[in-house]
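Listed below, chain by chain, are the residues.
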Amino acid sequence: MPPQLTGTLRRRRQGSLRTGSAEQPTRHPAVAVAMALPCAVLLVLLFGGWEQMANQAQAVADLIAR
């Protein structure tokens, strides 16, 4: 059963919708990479991701070589 609304609904004025929620321009992809890359490097170093990536790459190379 859908919820029922009680009371009257009020429409917001067009100006009140825009205050505080200004549309932000999108970021360039290079900026996103620059933000994410240091975190990715830190995680790779902390959790031994380099060895895991090398093992996966070797497994893929072995499958391709067959």
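Caption draft 1: How the structure looks around the overall build of the protein. Looking only at helices and strands, the protein has 3 helices and 0 strands in total. Each helix (α) and strand (β) of the protein, taken in turn from the N terminus, gives the series α-α-α. Within the protein, buried positions represent 0% of all 66 residues. Of the roughly 7000 Å² that the protein leaves accessible, carbon and sulfur atoms contribute 62%.

Caption draft 2: Structural view of the confidence of the model for the protein. Looking at the protein as a whole, the pLDDT averages 78, with 67% of positions reaching at least 70. At the level of individual helices and strands, the protein shows its lowest average pLDDT in helix α1 (residues 14-18), which scores 53, and its highest in helix α3 (residues 49-65), which scores 90.

Caption draft 3: A nonpolar patch on the surface, seen in detail. Where nonpolar side chains cluster on the molecular surface, the patch consists of Val-33, Leu-37, Val-41 and Leu-45 and spans about 390 Å² of accessible area. With respect to the helices and strands, the residue Leu-45 is situated in helix α2 (residues 29-47).

Caption draft 4: Structural view of α2. The terminal C-alpha atoms of α2 lie 26 Å apart, and with 19 residues this matches the ideal 27 Å at 1.5 Å per residue to within 8%. The axis of α2 is deflected most strongly, by about 30 degrees, at Ala-36, and proline Pro-38 appears within four residues downstream. Of the residues one or two after α2, Gly-48 is the one with positive phi, at around 70 degrees.

Quick notes on the rules
Residues numbered from 1 in each chain as written. Predicted model: local features only at pLDDT ≥ 70, side-chain atom pairs only at ≥ 80, totals over all residues. Heavy atoms only, no water. Helix = DSSP H or I, 4+ residues; strand = E, 2+ residues; numbered from the N terminus. Buried < 20%, exposed > 50% of the residue type's maximum accessible area, 1.4 Å probe, protein only. Areas by Shrake-Rupley, 256 points an atom, 1.4 Å probe, with all protein chains shown as cover. pLDDT = per-residue confidence, 0-100. Patch = residues over 30% accessible without salt bridge, like charges linked within 9 Å, V, L, I, M, F, W, Y side chains within 5 Å. Salt bridge = Lys/Arg side-chain N within 4 Å of Asp/Glu carboxyl O. Expected span 1.5 Å × (residues − 1). Bend = angle between axes of the 7 residues up to and from the residue.

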